[in-house]
Amino acid sequence: MYNESIKQMFIKSKKDNNTFIDTILLSCFEKTSIFEEMFQKDVSEFGMKEIIDMYKILNMDSFDVLAVFNSNLFQYTQFCLERGLIYSNRNVYQEITSDILIQCLNKSLINRQIISREDILSYVARLKNYRDKFIMLSLFEFGTGKKNYEDISHAKIKDIDKEKKKIKLYSGRIVNISPELISIAEGSVEQEYYRSDMLETLLIDDGTIIKKKNNCININDDFGSGRSIYLTIKKSLDDWGISEYINSNKIVISGEIHYVKSEAKRLGLSPNEYLKKFKYKVSNQFGKKIVMKTFLLKYSDYL
């Protein structure tokens, strides 16, 4: 690692404001050290081509992660500039645009991470239990809730309006749901036992759609319920053979893309036009802030 003492000074200057920043920055510098050896210079002195080559070789699949990585290197380079440590007197990282970052991502892997509605329905059909089916399709249709998957864990059959195909969630959101999800919710409420490969476990009817397993620790606790849902998602992805490149967040993103694409088509609008007029609807449907420019930059190829 080049200029290790300078990097430690930089980390110390940041640590006063962020308890975890030292771990983040150390990881960043560990990743760049191999490129410092390759280019025979400190990462703060990399030129545009060297930075782009490094980002492409790092093979990241998340725009947000790469943007944070670039921001950390920008701040470190600025730290060096202010101390007269850079011969060129230039911070190239500030010239790295969002478009450049997008071009550095592993598009092949991203393509595998974006799944269609047909894909998710096919995967869900392979699950044995309606409880699990509801969890996985809910991710795609309305997201997770603010924490501990609470919009899924607290969802109730009485809050579904079958005629309007809507459900009122724990967070207060009223969202669209499909006939398939309504049917699965009804099946989950009726199911009395959870079936696994070796045994059947009694499900406790607590008024929620997914019920709770009687062997679940702290079944009345939001954290415990959230942990149970997390484990269900993990096992489902493992069973489907896609856990290596897809997680719950990727399923939610795929749902957002499908929602924007299908609603834009229904209204005869382009995805760009739809987001200009109805961005707030997407934010409500998935319980998260949607920044139109960033969303289109990241996912326009899939809309």
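Everything below is about the structure shown above.
All residue numbers refer to positions counted from 1 along the written sequence of the respective chain. For a predicted model such as this one, the threshold for reporting local features is a pLDDT of at least 70, and the threshold for listing and counting side-chain atom pairs is 80 or more; totals across whole chains, interfaces and linings nevertheless cover every residue. The basis for every side-chain value is the complete set of heavy atoms in the structure, and neither hydrogens nor water enter the calculation.

**Student:** Sorry if this is basic, but what is going on with unusual backbone geometry here?
**Tutor:** Of all residues except glycine, most have a negative phi; of all peptide bonds, most are trans. We note that N3 has phi near 45°; this positive angle belongs to a residue other than glycine. What counts as a helix is a DSSP run of H or I of at least four residues, what counts as a strand is a run of E of at least two, and both are numbered from the N terminus. The topology assignment puts N3 in the segment before α1 (4–15). Exposure remark for N3: the relative accessible area of 39% places this residue in the partly exposed category. Burial status follows relative accessibility: with a 1.4 Å probe on protein chains alone, a residue under 20% of its type maximum counts as buried, one over 50% as exposed, and anything between as partly exposed.

**Student:** Just checking my understanding: could you explain the sheet that holds strand β3 (residues 174–176) for this structure?
**Tutor:** Remark on secondary structure: sheet strands pair via backbone hydrogen bonds, oriented parallel or antiparallel. With antiparallel pairing, three strands are arranged side by side in an open sheet as β1-β2-β3. The open sheet has two edge strands, β1 (160–161) and β3, and neither has a second partner. A pair of strands counts as paired when DSSP detects no fewer than two bridges linking them.

**Student:** It is not clear to me how the environment of Y170 should be interpreted in this structure. Could you clarify?
**Tutor:** When you line up the elements, Y170 lands in the loop between β2 (166–168) and β3. Among the residues examined, Y170 registers a relative accessible area of 46% and is labelled partly exposed. Spatially, the C-alpha atoms of Y170 and S153 are 8.7 Å apart, while their sequence positions differ by 17 residues. Sequence-distant contacts of Y170, that is, excluding residues within four places in its chain, are made with E150, D151, H154 and D222. Any two residues having at least one pair of non-hydrogen atoms within 4.5 Å are treated as being in contact.

**Student:** Honestly, the sheet that holds strand β4 (residues 193–195) in this entry has me stumped. Any pointers?
**Tutor:** Read across the sheet, three strands follow the order β4-β5-β6 without closing on themselves; strand pairing throughout is antiparallel. A strand with exactly one partner marks an edge of an open sheet, and here the two such strands are β4 and β6 (212–213). Looking at chain direction, β4 and strand β5 (residues 200–204) are connected through three bridges and run antiparallel. Its bridge partner lying in β5, R195 is registered against E200.

**Student:** Please clarify how the side chain of S254 should be interpreted in this entry.
**Tutor:** Take S254: it is sitting in helix α12 (residues 248–267). There is a polar contact of 3.4 Å between the side chain of S254 and the backbone oxygen of Q113. Polar contacts here mean pairs of N or O atoms no more than 3.5 Å apart (in protein, one a potential hydrogen donor and the other a potential acceptor; neighbouring residues in sequence count only if both atoms are side-chain atoms).

**Student:** I'm lost on the pattern of salt bridges in this one. Help?
**Tutor:** Once the charged atoms of two side chains with opposite charge are near each other, the side chains can pair. Any carboxyl oxygen of Asp or Glu that lies within 4 Å of a side-chain nitrogen of Lys or Arg is treated as forming a salt bridge with it. In the structure shown here, the tally under the stated rule is 20 salt bridges. A salt bridge links K298 to D64; its shortest N-O distance comes to 3.0 Å. One end of the pair, K298, is in helix α14 (residues 292–299); the other, D64, is in helix α4 (residues 63–81), and 234 residues separate them in sequence. Taking the relative accessible area as the measure of exposure, K298 reaches 19% and is therefore buried.

**Student:** Is there a simple way to explain the side chain of E150 in this structure?
**Tutor:** Residue position: E150 is located in helix α9 (residues 150–153). Neither His nor the chain termini are counted; the positive set is Lys and Arg, and the negative set is Asp and Glu. Despite being buried, E150 has no salt bridge partner; K147 is the closest side chain of opposite charge, sitting 5.7 Å away. In this view, E150 contacts T144 and Y170; residues no more than four positions away in its chain are not counted.

**Student:** Is there a simple way to explain the packing of aromatic side chains in this structure?
**Tutor:** Centre distance and the angle of the planes are the two values used to describe a pair of aromatic rings. Pairing of aromatic side chains requires ring centres within 6.5 Å, counting the rings of Phe and Tyr and the six-membered ring of Trp. Pairs whose planes differ by under 30 degrees are stacked, by over 60 edge-to-face, and all others tilted. Inspection of every chain in the model, using the stated rule, returns 11 aromatic pairs. Where Y55 meets F69, the ring centres are 6.0 Å apart and the plane angle is 75°; that geometry is what we call edge-to-face. Here F69 lies in helix α4 and Y55 lies in helix α3 (residues 48–58), a separation of 14 residues in the sequence. An identical accessibility class is assigned to Y55 and F69; each is buried. Here the aromatic residues F10, F29, Y76 and F79 are joined through ring pairs into a cluster of three or more. Two conditions define a charge sitting above a ring: the NZ of Lys or the CZ of Arg must be within 6 Å of the ring centre, and it must be within 35 degrees of the ring normal. In this arrangement the basic side chain of R112 is found over the ring face of Y245, its NZ or CZ atom lying 4.0 Å from the centre. Just above the ring of Y130 sits the side chain of K133; from NZ or CZ to the centre is 6.0 Å.

**Student:** I keep staring at the pairing of β5 and nothing clicks. Help me out?
**Tutor:** The hairpin formed by β4 and β5 contains four residues between the paired strands. Sheet analysis places β5 next to β6, joined by two bridges and oriented antiparallel. Across the sheet, I204 pairs through a bridge with K212, a residue of β6.

**Student:** Would you explain helix α2 (residues 21–39) in this entry?
**Tutor:** Since one α-helical turn is 3.6 residues long, residues separated by three or four positions face the same way. A helix is expected to span 1.5 Å multiplied by its residue count minus one. For α2, spanning 19 residues, the distance from its first C-alpha to its last is 26 Å, which sits close to the expected 27 Å at 1.5 Å a residue. The angle between axes fitted to the seven residues ending at a residue and the seven residues starting there is what we call the bend at that residue. The largest bend in α2 comes to about 35°, at T32. Those residues of α2 that fall on the buried side of the exposure criterion are I21, D22, L25, C28, F29, T32, S33, F35, E36 and F39. Where the residues of α2 are buried, they touch α1, α3 and α4. A positive backbone phi angle near 60° is found at Q40, which sits one or two residues after α2.

**Student:** Sorry if this is basic, but what is going on with the packing of helix α8 (residues 130–142) against α12 here?
**Tutor:** When two helices pack together, their arrangement is given by the angle between the helix axes and by the axis-to-axis distance. Here α8 crosses α12 at 50°, and the two axes come no closer than 6 Å. Taken together, the axes of α8 and α12 are oblique relative to one another. Between α8 and α12, the residues in contact are M136, L139 and F140 and S248, I251, V252, S254, G255 and H258, respectively. Per-class residue counts for the contact of α8 with α12 are five nonpolar, four polar and no charged. Simply put, an axis is a line fit to the C-alpha atoms, just over the touching stretch for a helix, and the angle between two N-to-C directions goes from 0 to 180 degrees. Should an angle fall under 35 degrees it is called roughly parallel, over 145 degrees roughly antiparallel, and 65 to 115 degrees roughly perpendicular, with every other angle called oblique. Under the convention adopted here, Pro, Cys and the residues Ala, Val, Leu, Ile, Met, Phe, Trp and Tyr are nonpolar, Asp, Glu, Lys and Arg are charged, and Gly plus all remaining residues are polar.

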